[in-house]
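Observations on the model geometry
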Amino acid sequence: MLHKLFMFVGVLMVFTGMAQAQQAARPPIATTKVDGTEGVYVFRNGNHQAMFVVTSDGVIATDPVAYGRPNGGQQYLEEIRKVTDKPIRYVIYSHHHFDHIAGGKAFKDAGATFLAHWRAKERLEQLKDPHTVLPDEAVPNRGRTIQLGNTTLELSYHGLNHSDSTLVMRLPKEKIIFVVDTLPVGTMPGRGMIDFYPLETEDFIKKVLAMDWERLIPGHPGPGDRLGTKKDVEDQLKLLQTASATMKTLAQQGKCWDTAEKEFQLPEYEKWPGYASGLPFIARRYCGLWGRGT
Ligand SMILES: [Zn+2]
């Protein structure tokens with residue numbers, strides 16, 4: 001009996017070891033072509049990712065994702081160079097947060113034009129981050145369409161959400177959108193709640209759901225690196241609505257901040273990746289809304 005138990009533990013240890021080895025084997029950088037497209041790719045560096053599109057007339061890149069990674073921008077460019085030698089025409093920022101947009105120097109040196117929502121451009125000009133290339137052109141609230149070679153990319157703005165400068169990037173032919181941070185795929189939101197606009201985000205999400213698309217590339221890899229669907233976006237909206245309603249009750253009982261933050265739970269989401277680490281950020285933000293009016 002004891003012998004069998006030792007065997008079982010031994011087998012378990014081998015499996016655990018394999019799982020660890022597999023985790024360790026995940027390369028820090030990966031480039032993946034999106035199935036069924038001619039030239040749409042996801043570039044991942046660590047836990048951040050960006051979309052790039054290879055067209056017949058050049059490359060449209062997005063977020064350099066190189067905060068705290070001095071060679072990250074150069075590595076991103078090298079990954080693109082493994083796929084094409086066409087010129088890099090654009091770098092488009094998803095929003096103004098440095099963890100997504102720092103590190104674009106290599107792209108600037110390669111001659112790319114940098115685009116961002118006007119509010120991101122204004123903000124970045126105030127902050128002058130030494131690692132972040134300032135946008136050359138501002139995208140107005142009415143949006144902008146980029147036509148390059150055989151590709152159309154629509155940049156649109158739908159109000160406040162995870163930031164005040166988020167662009168939705170949509171490839172109408174491919175029915176793909178790239179939206180960063182506002183729409184996590186199958187994971188809990190966390191630190192992204194810090195400067196998040198709760199009420200406006202629900203409107204934003206409804207607008208995104210009404211758009212014509214089938215696959216969502218998120219700014220952080222979802223479970224198993226899968227892309228998102230409208231179901232994921234609906235799930236995220238429901239999570240936020242549940243969090244909001246839960247905290248509203250606690251806040252209106254006069255329990256914000258400390259008591260409400262201790263009592264706040266979202267049991268339906270306990271199994272979601274990032275539950276424990278994300279919960280305090282969600283609680284804090286909704287206490288700000290319902291307990292303070294912010
Ligand atoms: Zn962000």
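Our subject in this report is the structure included herewith.

Scoring rules and cut-offs
- Counting from 1, residues in each chain are numbered in the order their sequence is written.
- Confidence filtering applies because this is a predicted model: local features only for residues at pLDDT of at least 70, side-chain atom pairs given and counted only at 80 or more, and all residues used for totals across whole chains, interfaces and linings.
- Side-chain numbers here rest on the full set of heavy atoms in the structure, without hydrogens or water.
- Helix axes are fitted to C-alpha atoms over the stretch in contact, other axes to C-alpha atoms as well, and angles between N-to-C directions run from 0 to 180 degrees.
- Secondary structure elements follow DSSP: runs of H or I of four or more residues count as helices, runs of E of two or more count as strands, with numbering from the N terminus.
- Small angles under 35 degrees read as roughly parallel and large ones over 145 as roughly antiparallel, with 65 to 115 read as roughly perpendicular and the rest as oblique.
- Handedness of each helix crossing follows the sense of rotation of the near helix against the far helix: counterclockwise by less than a right angle gives left-handed, clockwise gives right-handed.
- Note on definitions: a residue-residue contact is assigned when non-hydrogen atoms from the two residues lie within 4.5 Å.
- In the scheme used here, Gly and all other residues not listed as nonpolar or charged are polar, with Ala, Val, Leu, Ile, Met, Phe, Trp, Tyr, Cys and Pro taken as nonpolar and Asp, Glu, Lys and Arg as charged.
- Two rings belonging to Phe, Tyr or Trp (six-membered ring only in the last case) form a pair when the distance between their centres is within 6.5 Å. Interplanar angles under 30 degrees mark stacking, angles over 60 mark edge-to-face geometry, and anything in between is tilted.
- Think of it in three bands: with a 1.4 Å probe and only protein chains considered, a residue is buried below 20% of the maximum accessible area for its type, exposed above 50%, and partly exposed in between.

**Points about the packing of helix H6 (residues 198-210) against helix H7 (residues 230-252)**
Direction vectors running N to C along H6 and H7 enclose 165 degrees, while the axes themselves pass 10 Å from each other. Considered as vectors, H6 and H7 are oriented roughly antiparallel to each other. As for the relative orientation of H6 and H7, their crossing is left-handed in sense. On the side of H6, the interface is formed by Thr 201, Glu 202, Ile 205, Lys 206 and Leu 209, while H7 contributes Lys 230, Val 233, Glu 234, Leu 237, Leu 240, Gln 241 and Ser 244. Class assignment of the residues belonging to the contact of H6 with H7 gives a composition of 5 nonpolar, 3 polar and 4 charged.

**Quick notes on the packing of aromatic side chains**
The tally for this structure, following the rule as stated, stands at 6 aromatic pairs. Considering the side-chain rings of Phe 43 and Tyr 76, the 4.2 Å spacing of their centres and the 5 degrees angle between planes classify their relative orientation as stacked. Within this pair, whereas Phe 43 is found in strand E2 (residues 40-45), its partner Tyr 76 is found in helix H2 (residues 72-81), the two being separated by 33 residues in sequence. Each member of the pair, Phe 43 as well as Tyr 76, is classed as buried. Consider the rings of Tyr 76 and Phe 107, whose centres lie 4.9 Å apart with planes at 65 degrees: the pair is edge-to-face. Residue Tyr 76 is located in helix H2, and its partner Phe 107 is located in helix H4 (residues 105-109); the two are separated by 31 residues in the primary sequence.

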